[in-house]
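The residues making up each chain are set out below.
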Amino acid sequence: MRASGRTRLSGCARWNPDSLSGNRRSTRDERVEHEEAGGLLRAEAGADTIREGGFIWMESTLMQFHRSPCILGAANGFLMEVCVDSVESAVNAERGGAGRIELCSGLLEGGTTPSMGVLQVVKQYVQIPVFVMIRPRGALCRPLPVTFHRAFDMVHDPVAALETLLTLGFERVLTSGCDSSALEGLPLIKRLIDQAKGRIVVMPGGGITDRNLQRILEGSGATEFHCSARSARDSGMKFRNSSVAMGASLSNSEYSLKVTDVTQVRTLNAIAKNILV
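Residues numbered from 1 in each chain as written. Predicted model: local features only at pLDDT ≥ 70, side-chain atom pairs only at ≥ 80, totals over all residues. Heavy atoms only, no water.

A. Representation of the overall build of the protein in the model. In terms of helices and strands, the protein carries six helices and 15 strands. Counting over 277 residues, the protein shows a buried share of 45%. Considering only intrachain contacts with a sequence separation of at least 6, the fraction spanning at least 24 residues in the protein is 67%. (Helix = DSSP H or I, 4+ residues; strand = E, 2+ residues; numbered from the N terminus. Buried < 20%, exposed > 50% of the residue type's maximum accessible area, 1.4 Å probe, protein only. Contact = heavy atoms within 4.5 Å.)

Now the structure itself:
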(Lines give C-alpha, C1' and ligand atoms only; values in the text may rest on other atoms or scores of the structure.)
Protein backbone atom coordinates (compact mmCIF):
# COMPACT_ATOMS: atom_id res chain seq x y z
CA MET A 1 0.00 0.00 0.00
CA ARG A 2 1.22 3.50 -0.84
CA ALA A 3 1.04 6.61 1.28
CA SER A 4 2.81 9.95 1.15
CA GLY A 5 4.13 12.68 3.44
CA ARG A 6 2.96 12.34 7.02
CA THR A 7 0.52 9.61 6.05
CA ARG A 8 3.23 7.08 5.23
CA LEU A 9 3.01 3.84 7.17
CA SER A 10 5.56 1.86 9.13
CA GLY A 11 7.22 -1.19 7.68
CA CYS A 12 6.42 -3.02 10.91
CA ALA A 13 3.05 -1.54 11.84
CA ARG A 14 -0.48 -2.84 11.88
CA TRP A 15 -3.50 -0.57 11.64
CA ASN A 16 -6.90 -1.11 13.16
CA PRO A 17 -9.88 -0.23 10.92
CA ASP A 18 -12.10 -0.18 14.03
CA SER A 19 -10.15 2.64 15.65
CA LEU A 20 -11.74 5.67 13.96
CA SER A 21 -15.29 6.96 14.03
CA GLY A 22 -17.40 9.74 12.55
CA ASN A 23 -18.29 11.11 9.14
CA ARG A 24 -16.14 14.22 9.07
CA ARG A 25 -13.42 15.59 6.82
CA SER A 26 -9.93 16.19 8.25
CA THR A 27 -7.91 18.98 6.63
CA ARG A 28 -4.18 19.76 6.88
CA ASP A 29 -2.92 19.43 10.46
CA GLU A 30 -6.45 19.49 11.85
CA ARG A 31 -6.56 18.14 15.38
CA VAL A 32 -9.27 15.53 15.77
CA GLU A 33 -10.69 14.34 19.06
CA HIS A 34 -13.05 11.43 19.39
CA GLU A 35 -14.29 9.04 22.04
CA GLU A 36 -12.86 5.55 21.66
CA ALA A 37 -12.89 2.56 24.03
CA GLY A 38 -13.99 4.71 26.95
CA GLY A 39 -11.17 7.24 26.62
CA LEU A 40 -10.38 10.35 24.58
CA LEU A 41 -7.92 9.76 21.75
CA ARG A 42 -6.20 12.69 20.05
CA ALA A 43 -5.01 12.41 16.48
CA GLU A 44 -3.15 14.50 13.93
CA ALA A 45 -4.66 14.29 10.44
CA GLY A 46 -1.83 14.38 7.89
CA ALA A 47 -1.74 16.66 4.89
CA ASP A 48 -2.90 13.97 2.48
CA THR A 49 -5.42 12.28 4.75
CA ILE A 50 -9.16 12.84 4.22
CA ARG A 51 -11.89 11.14 6.25
CA GLU A 52 -15.35 11.27 4.77
CA GLY A 53 -18.36 9.00 4.60
CA GLY A 54 -16.75 6.20 6.61
CA PHE A 55 -13.59 6.03 4.49
CA ILE A 56 -9.94 6.97 4.93
CA TRP A 57 -8.27 8.36 1.83
CA MET A 58 -4.46 8.27 1.76
CA GLU A 59 -3.26 9.77 -1.47
CA SER A 60 -4.79 7.34 -4.02
CA THR A 61 -5.35 4.55 -1.49
CA LEU A 62 -8.83 3.88 -0.16
CA MET A 63 -9.33 2.03 3.12
CA GLN A 64 -12.81 1.40 4.50
CA PHE A 65 -13.30 1.21 8.25
CA HIS A 66 -16.26 0.11 10.33
CA ARG A 67 -17.53 1.84 13.44
CA SER A 68 -17.33 -0.86 16.10
CA PRO A 69 -15.68 -0.75 19.53
CA CYS A 70 -11.89 -1.04 19.56
CA ILE A 71 -10.41 -3.24 22.28
CA LEU A 72 -7.02 -1.77 23.10
CA GLY A 73 -6.34 -3.93 26.14
CA ALA A 74 -7.31 -7.09 27.91
CA ALA A 75 -10.87 -6.25 28.96
CA ASN A 76 -11.54 -9.61 30.61
CA GLY A 77 -8.14 -10.20 32.19
CA PHE A 78 -6.52 -11.52 29.02
CA LEU A 79 -6.71 -11.11 25.26
CA MET A 80 -6.03 -13.76 22.62
CA GLU A 81 -5.09 -12.44 19.20
CA VAL A 82 -5.31 -14.96 16.36
CA CYS A 83 -3.32 -14.50 13.17
CA VAL A 84 -5.44 -15.30 10.09
CA ASP A 85 -5.05 -15.07 6.33
CA SER A 86 -8.55 -15.92 5.09
CA VAL A 87 -12.21 -15.24 5.73
CA GLU A 88 -12.71 -18.83 6.89
CA SER A 89 -9.92 -18.53 9.44
CA ALA A 90 -11.28 -15.21 10.69
CA VAL A 91 -14.73 -16.70 11.25
CA ASN A 92 -13.24 -19.74 12.99
CA ALA A 93 -11.14 -17.53 15.25
CA GLU A 94 -14.20 -15.60 16.39
CA ARG A 95 -16.25 -18.76 16.85
CA GLY A 96 -13.47 -20.18 19.01
CA GLY A 97 -13.47 -17.16 21.30
CA ALA A 98 -10.58 -15.01 20.03
CA GLY A 99 -10.60 -11.44 21.31
CA ARG A 100 -8.91 -9.90 18.27
CA ILE A 101 -7.81 -10.87 14.77
CA GLU A 102 -4.57 -10.00 13.01
CA LEU A 103 -5.44 -10.11 9.31
CA CYS A 104 -2.52 -10.87 7.01
CA SER A 105 -1.61 -12.29 3.67
CA GLY A 106 1.46 -14.40 2.94
CA LEU A 107 1.93 -15.98 6.38
CA LEU A 108 4.84 -18.04 5.04
CA GLU A 109 6.64 -14.73 4.50
CA GLY A 110 5.93 -13.49 8.01
CA GLY A 111 2.73 -11.68 7.06
CA THR A 112 2.05 -9.05 4.40
CA THR A 113 -0.77 -6.59 3.78
CA PRO A 114 -4.01 -8.37 2.76
CA SER A 115 -6.19 -7.15 -0.08
CA MET A 116 -8.95 -4.63 0.52
CA GLY A 117 -11.45 -7.22 -0.68
CA VAL A 118 -10.42 -9.72 2.01
CA LEU A 119 -10.64 -7.02 4.69
CA GLN A 120 -14.11 -5.94 3.56
CA VAL A 121 -15.47 -9.49 3.58
CA VAL A 122 -13.86 -10.30 6.94
CA LYS A 123 -15.49 -7.22 8.45
CA GLN A 124 -18.86 -8.39 7.14
CA TYR A 125 -18.57 -11.73 8.91
CA VAL A 126 -16.85 -10.99 12.23
CA GLN A 127 -17.63 -8.59 15.06
CA ILE A 128 -14.36 -8.68 17.04
CA PRO A 129 -11.65 -6.07 16.32
CA VAL A 130 -9.45 -6.65 13.27
CA PHE A 131 -5.83 -5.44 13.16
CA VAL A 132 -4.42 -5.39 9.63
CA MET A 133 -0.77 -6.06 8.79
CA ILE A 134 0.92 -3.11 7.06
CA ARG A 135 4.40 -3.73 5.68
CA PRO A 136 5.58 -0.86 3.45
CA ARG A 137 8.45 1.30 4.70
CA GLY A 138 7.88 4.73 6.17
CA ALA A 139 6.88 6.64 9.29
CA LEU A 140 4.14 5.87 11.82
CA CYS A 141 0.46 5.62 11.07
CA ARG A 142 -1.40 8.06 13.31
CA PRO A 143 -3.96 8.18 14.89
CA LEU A 144 -4.31 4.43 14.31
CA PRO A 145 -2.99 2.21 17.14
CA VAL A 146 0.10 0.34 15.95
CA THR A 147 1.83 -2.87 17.00
CA PHE A 148 5.50 -3.41 16.24
CA HIS A 149 5.94 -6.62 14.25
CA ARG A 150 8.31 -9.48 15.17
CA ALA A 151 11.11 -7.64 13.41
CA PHE A 152 11.75 -6.69 17.04
CA ASP A 153 13.21 -10.19 17.50
CA MET A 154 16.10 -9.29 15.18
CA VAL A 155 17.38 -6.34 17.22
CA HIS A 156 20.80 -6.36 18.87
CA ASP A 157 19.65 -4.81 22.17
CA PRO A 158 15.98 -5.57 22.93
CA VAL A 159 16.00 -3.62 26.19
CA ALA A 160 17.08 -0.42 24.42
CA ALA A 161 14.81 -1.20 21.46
CA LEU A 162 11.74 -1.38 23.74
CA GLU A 163 12.45 2.13 25.01
CA THR A 164 12.78 3.30 21.40
CA LEU A 165 9.35 1.89 20.59
CA LEU A 166 7.92 3.73 23.59
CA THR A 167 9.47 6.97 22.35
CA LEU A 168 7.96 6.41 18.90
CA GLY A 169 4.50 5.84 20.38
CA PHE A 170 3.81 2.16 19.68
CA GLU A 171 0.98 0.61 21.72
CA ARG A 172 2.36 -2.93 21.73
CA VAL A 173 5.17 -5.14 20.50
CA LEU A 174 4.84 -8.71 19.23
CA THR A 175 7.83 -10.83 20.23
CA SER A 176 9.09 -14.36 20.70
CA GLY A 177 11.72 -13.04 23.08
CA CYS A 178 14.33 -12.85 20.29
CA ASP A 179 14.34 -16.64 20.09
CA SER A 180 12.90 -19.39 17.90
CA SER A 181 9.63 -19.47 19.86
CA ALA A 182 7.91 -17.66 22.71
CA LEU A 183 8.67 -20.61 24.98
CA GLU A 184 12.38 -20.49 24.22
CA GLY A 185 12.38 -16.71 24.62
CA LEU A 186 10.33 -16.73 27.83
CA PRO A 187 13.05 -15.27 30.13
CA LEU A 188 13.47 -12.21 27.89
CA ILE A 189 9.70 -11.78 27.44
CA LYS A 190 9.31 -11.65 31.22
CA ARG A 191 12.17 -9.16 31.47
CA LEU A 192 10.57 -6.94 28.82
CA ILE A 193 7.16 -7.04 30.53
CA ASP A 194 8.78 -6.07 33.82
CA GLN A 195 10.65 -3.27 32.06
CA ALA A 196 7.51 -2.01 30.32
CA LYS A 197 5.58 -1.52 33.58
CA GLY A 198 2.34 -1.13 31.63
CA ARG A 199 3.68 1.62 29.35
CA ILE A 200 3.50 -0.69 26.33
CA VAL A 201 1.90 -4.11 25.83
CA VAL A 202 4.47 -6.87 25.35
CA MET A 203 2.60 -9.62 23.50
CA PRO A 204 4.21 -13.08 23.30
CA GLY A 205 3.87 -14.84 19.96
CA GLY A 206 5.61 -17.56 18.01
CA GLY A 207 4.94 -21.27 18.40
CA ILE A 208 2.22 -20.88 21.03
CA THR A 209 0.13 -24.05 21.46
CA ASP A 210 -2.10 -25.65 24.06
CA ARG A 211 0.98 -27.53 25.29
CA ASN A 212 2.97 -24.44 26.25
CA LEU A 213 0.51 -21.57 26.71
CA GLN A 214 0.11 -22.05 30.46
CA ARG A 215 3.86 -22.00 31.03
CA ILE A 216 4.26 -18.90 28.84
CA LEU A 217 1.51 -16.91 30.55
CA GLU A 218 2.47 -17.90 34.08
CA GLY A 219 6.18 -17.41 33.41
CA SER A 220 5.88 -14.02 31.72
CA GLY A 221 2.94 -12.24 33.34
CA ALA A 222 1.57 -11.39 29.88
CA THR A 223 -2.10 -10.45 29.51
CA GLU A 224 -2.21 -10.65 25.71
CA PHE A 225 -0.85 -13.39 23.46
CA HIS A 226 -0.68 -14.03 19.72
CA CYS A 227 -1.18 -17.36 17.94
CA SER A 228 -2.30 -18.87 14.66
CA ALA A 229 -4.12 -21.93 16.09
CA ARG A 230 -4.14 -23.57 12.67
CA SER A 231 -4.56 -27.11 11.46
CA ALA A 232 -4.08 -28.65 8.03
CA ARG A 233 -7.07 -29.38 5.81
CA ASP A 234 -6.96 -31.33 2.58
CA SER A 235 -7.50 -29.32 -0.60
CA GLY A 236 -10.72 -29.74 -2.51
CA MET A 237 -8.73 -30.16 -5.73
CA LYS A 238 -9.86 -33.39 -7.44
CA PHE A 239 -7.20 -34.00 -10.09
CA ARG A 240 -3.61 -33.83 -8.85
CA ASN A 241 -0.54 -34.07 -11.03
CA SER A 242 2.13 -35.37 -8.65
CA SER A 243 4.86 -34.80 -11.25
CA VAL A 244 4.52 -31.00 -11.13
CA ALA A 245 5.11 -28.58 -8.25
CA MET A 246 3.88 -25.04 -8.96
CA GLY A 247 5.43 -23.42 -5.89
CA ALA A 248 9.04 -22.83 -4.91
CA SER A 249 8.73 -24.48 -1.49
CA LEU A 250 8.68 -28.27 -1.32
CA SER A 251 8.25 -28.34 2.47
CA ASN A 252 4.52 -27.67 2.26
CA SER A 253 2.03 -29.72 0.30
CA GLU A 254 0.28 -27.83 -2.48
CA TYR A 255 -2.77 -29.96 -1.84
CA SER A 256 -3.46 -28.91 1.73
CA LEU A 257 -4.53 -25.68 3.41
CA LYS A 258 -3.74 -24.39 6.87
CA VAL A 259 -6.84 -22.86 8.44
CA THR A 260 -7.56 -21.48 11.91
CA ASP A 261 -9.08 -24.32 13.94
CA VAL A 262 -12.13 -23.49 16.08
CA THR A 263 -11.30 -26.23 18.58
CA GLN A 264 -7.73 -25.02 19.02
CA VAL A 265 -8.89 -21.44 19.55
CA ARG A 266 -11.40 -22.57 22.17
CA THR A 267 -8.79 -24.68 23.93
CA LEU A 268 -6.27 -21.83 24.09
CA ASN A 269 -9.00 -19.44 25.20
CA ALA A 270 -10.01 -21.78 28.03
CA ILE A 271 -6.40 -22.16 29.20
CA ALA A 272 -5.87 -18.39 29.29
CA LYS A 273 -9.20 -17.81 31.05
CA ASN A 274 -8.31 -20.37 33.71
CA ILE A 275 -4.98 -18.66 34.39
CA LEU A 276 -5.74 -14.96 34.03
CA VAL A 277 -9.40 -14.42 34.90
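There is more to say, and it comes next.
B. Molecular detail of the layout of surface pockets. Here the largest pocket is characterised by a volume of approximately 630 Å³. Every residue lining the largest pocket is counted, 30 residues in all, and those nearest its centre are G206, G207, H226, S228 and R230. When residues of the lining of the largest pocket are traced back to their parent elements, those giving at least two are β13 (224-227), β14 (230-234) and α6 (262-276). Across the lining of the largest pocket, the residue classes tally to 11 nonpolar, 14 polar and five charged. (1 Å grid on protein atoms, 1.4 Å probe; cavity = no way out; pocket = protein on both sides within 12 Å on 5 of 7 lines; lining within 4 Å. Points joined across faces, edges and corners; volume = space filled by probe spheres on them. Nonpolar A, V, L, I, M, F, W, Y, C, P; charged D, E, K, R; others polar.)

C. Highlighting the nonpolar core. Counting residues in hydrophobic clusters, the biggest one holds 44 residues, and the most contacted among them are I101 and F225. Here this core gets six residues from one element, more than from any other, and that element is helix α4 (residues 186-196). Not counting residues within four places of it along the chain, the set of residues in contact with F225 comprises F78, L79, M80, E81, M203, P204, I208, L213, L217, L268 and A272. (Core = buried A, V, L, I, M, F, W, Y, C linked by side-chain atoms within 4.5 Å.)

D. Spatial organisation of the side chain of H226. As for its placement among the helices and strands, H226 is situated in strand β13. Note on H226: relative accessible area 9%, which makes it buried. Reaching out from H226, the side chain makes a polar contact with the side chain of E81 at a distance of 2.5 Å. (Polar contact = N/O pair within 3.5 Å; in protein donor to acceptor, adjacent residues only side chain to side chain.)

E. The packing of helix α1 (residues 87-96) against helix α2 (residues 116-125), seen in detail. Following both chains from N to C, one finds α1 and α2 inclined at 30°, their axes separated by 9 Å at the closest point. Judged by the angle between their axes, α1 and α2 are roughly parallel. Crossing geometry of α1 relative to α2 is assigned as right-handed. The residues of α2 that touch α1, namely those facing V87, A90, V91 and E94, are V118, V121, V122 and Y125. In terms of residue class, the contact of α1 with α2 is built from seven nonpolar, no polar and one charged. (Axes fitted to C-alpha atoms, helices over the stretch in contact; angles between N-to-C directions. Parallel < 35°, antiparallel > 145°, perpendicular 65-115°, else oblique. Left-handed = near helix turned anticlockwise from the far one by under 90°.)

F. Seen up close, the pairing of strand β12 (residues 201-204). Where strand β11 (residues 172-175) and β12 come together, four bridges link them in parallel fashion. Bridge pairing in β12 places V173 opposite V202. For the crossover that starts at β11, traverses α4 and ends in the parallel β12, the hand is right-handed. (Pairing = 2+ DSSP bridges. Right-handed = clockwise from strand over helix to strand, strands pointing away.)

G. Layout of unusual backbone geometry. Unlike most non-glycine residues, C178 shows phi in positive territory, near 55°. Note that C178 resides in the loop between β11 and α4. Backbone geometry places K197, a non-glycine residue, at a positive phi of 50°. With respect to the secondary-structure elements, K197 resides in the loop between α4 and β12. When its relative accessible area of 68% is taken as the criterion, K197 is described as exposed.

H. Quick peek at the environment of K258. In this structure, K258 sits in strand β15 (residues 256-260). A residue is classified by how much of its surface remains accessible, and K258, at 49% relative accessible area, is partly exposed. Linking K258 and R230, residues 28 residues apart in sequence, is a C-alpha distance of 5.9 Å. K258 has contacts with D85, R230, S231 and A232, leaving out every residue within four places of it along the chain.

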